[in-house]
Amino acid sequence: LMGIPGLQHLHRWISIPFCIMYLITLAGNITLLCVIKADPSLHLPMFLFLSMLAVIDLVMSTSITPKMLGIFWFHSTAISLDACLIQMYFVHAFSVMESGVLVAMAFDRYMAICNPLRYLSILTSPVVAAIGLATLLRAVVFMSPLTFQIRRLLLCSPAVVDHSYCEHMAVLKLACGDAAFSNTYSLSVSTYVGTFDSLLIALSYALILQAVLNLSSPQACKKAFSTCGSHLCVMALFYIPGLLSMYMERYHQELPPHVQVLLADLYLLIPPAFNPLIYGIRMKQIRDGARRAISRRR
């Protein structure tokens, strides 16, 4: 693994924000999980989805960041083919899972605001578990063919991946044989997941805003716009850089390699660090749950 091509002389400086974001990801998501687990009043669909998102963010960040920091700090660039494929599978499968959970969270907010009387009768614990299982199965079904296809391809020497982790398109450049299926399949799945899921999320928030504008006071409207805006900004940081980096890799756009790699890095590092802040700490129920947990310990 090359790290960030063209910026090797800046690796130590780049590692500082990367390491800070990873530490924030660990602290924020682990705290969120502990607070939700400790407080029975938080065992509601919204917080169960938030717990799923926290676990996904922890796995997704941990699958790439320690290795990246090893490259930046110790020039530990070697990685076995099996470890590379495992890392690639975890990165892409959990990205698809995160996208599915974001859709579920948008639907949860739509039900809570637009149909509150039926909220708990529709989003029961078995339904929430079924949604979580469906996001997992979708990720496995979509991503398994990619990994198996690359495992069967003959890879050329030198086996140097121009990236800071085993990103699918970057690894595919090493293939000596016909990689047309993998290219087409990867592009199709990423486009489908990114476009379909983001449209569902946008529709949910549009309906939420419409309901709030029709029924609520100016203060409630302002709060709704602030909340929805922050949620949509974090989601944009997840979807846009990921799709851009993939399309640029696929169609060889004339951008410096380090720009493509940084885009692919940031879409896996920024959302996991910001999600606990945007979805968790800003919520009064989470803050109250944390205070109750601290009081019980005292």
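Residues numbered from 1 in each chain as written. Predicted model: local features only at pLDDT ≥ 70, side-chain atom pairs only at ≥ 80, totals over all residues. Heavy atoms only, no water.

Overview of the overall build of the chain
The condition is simple: A run of H or I in DSSP counts as a helix once it spans at least four residues, and a run of E counts as a strand once it spans at least two, with each numbered from the N terminus. Radius of gyration: over C-alpha atoms. The globule rule applied is 2.2 Å multiplied by the number of residues raised to the 0.38 power. For the exposure calls, accessible area comes from a 1.4 Å probe over protein chains only, and a residue counts as buried if that area is under 20% of its type's maximum, exposed if over 50%, partly exposed in between. By definition in these notes, contact holds between two residues if any of their heavy atoms fall within 4.5 Å. Areas reported as accessible are Shrake-Rupley estimates using a 1.4 Å probe. Residue values count occlusion only from the protein chains shown.
For the chain, the helix and strand inventory stands at 11 helices and 0 strands. The secondary structure elements of the chain, listed N-terminal to C-terminal, are α-α-α-α-α-α-α-α-α-α-α. Whereas a compact globule of 298 residues would reach a radius of gyration of roughly 19 Å, the chain reaches 20 Å, a difference of no more than 12%. Once the C-alpha set of the chain is aligned to its principal axes, its extents read approximately 60 × 45 × 35 Å. Taken over 298 residues, the chain has a buried fraction of 49%. Intrachain contacts of the chain at a sequence separation of at least 6 include 77% that bridge at least 24 residues. Put simply, the chain shows about 14700 Å² of open surface, and 70% of that area lies on carbon and sulfur atoms.

Notes on the pattern of salt bridges
Let me state the cut-off plainly: Put simply, a salt bridge is a Lys or Arg side-chain nitrogen that is within 4 Å of an Asp or Glu carboxyl oxygen.
Enumeration over the complete set of coordinates arrives at 4 salt bridges. Notably, a salt bridge pairs D39 with R292, separated by 2.6 Å at the nearest N-O pair. A residue pair is termed long-range when its members are at least 10 positions apart, and D39 in the loop between α1 (11–38) and α2 (45–62) and R292 in helix α11 (residues 284–297) qualify at 253 residues. Given a relative accessible area of 4%, D39 falls into the buried group. D108 serves as the salt-bridge partner of R109, at 2.9 Å between the closest nitrogen and oxygen. No difference in accessibility class separates R109 from D108, as the two residues are buried.

What about the nonpolar core?
Under the convention used in this document: What makes a nonpolar core is a set of buried Ala, Val, Leu, Ile, Met, Phe, Trp, Tyr and Cys residues whose side-chain atoms join them at distances within 4.5 Å.
Membership of the largest hydrophobic core comes to 80 residues, with the highest contact counts inside it found for F18, F47, L50, F72, L102, I201 and I286. Among the elements that line this core, the one with the most residues is helix α4 (residues 81–114), at 15 residues. Once residues lying within four places of it in the same chain are set aside, the contact partners of F18 are T65, M68, L69, F72, L262, D265, L266 and L269.

Considering the state of the cysteines
Short version of the rule: When the sulfur atoms of two cysteines come within 2.5 Å, that pair is taken as a disulfide.
Within the structure shown, the criterion is met by 2 disulfides. Two residues, C156 and C176, share a disulfide whose sulfurs are 1.4 Å apart. Within this pair, whereas C156 is found in the loop between α6 (125–152) and α7 (168–172), its partner C176 is found in the loop between α7 and α8 (180–215), the two being separated by 20 residues in sequence. Judged by its relative accessible area of 28%, C156 is partly exposed. For the chain, the bonded cysteines pair up as 1-3, 2-4 when numbered in the order they occur along the sequence.

A look at the packing of α1 against helix α3 (residues 65–74)
Short version of the rule: The axes used here are C-alpha line fits, helices contributing only the stretch in contact, and every angle between their N-to-C directions lies in the interval 0 to 180 degrees. We call two directions roughly parallel when the angle between them is under 35 degrees, roughly antiparallel when it is over 145, roughly perpendicular when it lies between 65 and 115, and oblique otherwise. Here a crossing is called left-handed whenever its near helix is offset anticlockwise from the far helix by less than a right angle, and right-handed whenever the offset is clockwise. Ten residue types, Ala, Val, Leu, Ile, Met, Phe, Trp, Tyr, Cys and Pro, are classed as nonpolar, four, Asp, Glu, Lys and Arg, as charged, and the remainder, Gly among them, as polar.
Between α1 and α3, the shortest axis-to-axis distance is 9 Å and the interhelical angle comes to 155°. Considered as vectors, α1 and α3 are oriented roughly antiparallel to each other. Relative to α3, α1 is oriented so that their crossing is left-handed. The segment α1 lies against α3, with H11, R12, I14, S15, F18, C19 and Y22 engaging T65, P66, M68, L69, I71, F72 and W73. Taken together, the residues of the contact of α1 with α3 sort by class into 10 nonpolar, 3 polar and 1 charged.

Thoughts on the UniProt feature "transmembrane region" (unreviewed entry) in the chain
Definition in use: UniProt positions are given in the numbering used here, feature names are shortened, and annotations may be inferred rather than shown by experiment.
In the numbering used here, UniProt assigns the "transmembrane region" (unreviewed entry) feature to residues 12–35, 47–74, 86–107, 119–141, 192–213, 225–247 and 259–281. Overall, residues 12–35 shows 100% helix and 0% strand. The separation of its end C-alpha atoms is 35 Å. Each end of residues 86–107 is marked by a C-alpha atom, and these two atoms are 31 Å apart; helix forms 100% of the span and strand 0%.

Notes on the packing of aromatic side chains
Which entries qualify depends on this criterion: Two rings belonging to Phe, Tyr or Trp (six-membered ring only in the last case) form a pair when the distance between their centres is within 6.5 Å. Interplanar angles under 30 degrees mark stacking, angles over 60 mark edge-to-face geometry, and anything in between is tilted.
The full count for this structure, using the stated rule, is 7 aromatic pairs. Taking 6.2 Å as the distance between ring centres and 80° as the angle between the ring planes, the aromatic pair formed by W73 and F74 counts as edge-to-face. Taking the relative accessible area as the measure of exposure, F74 reaches 63% and is therefore exposed. On the numbers, 5.4 Å between centres and 10° between planes, the contact of Y192 with F196 is stacked. Of this pair, Y192 and F196 are both found in helix α8, 4 residues apart, which corresponds to roughly one turn of the helix. Judged by relative accessible area, which is 38%, F196 ranks as partly exposed.

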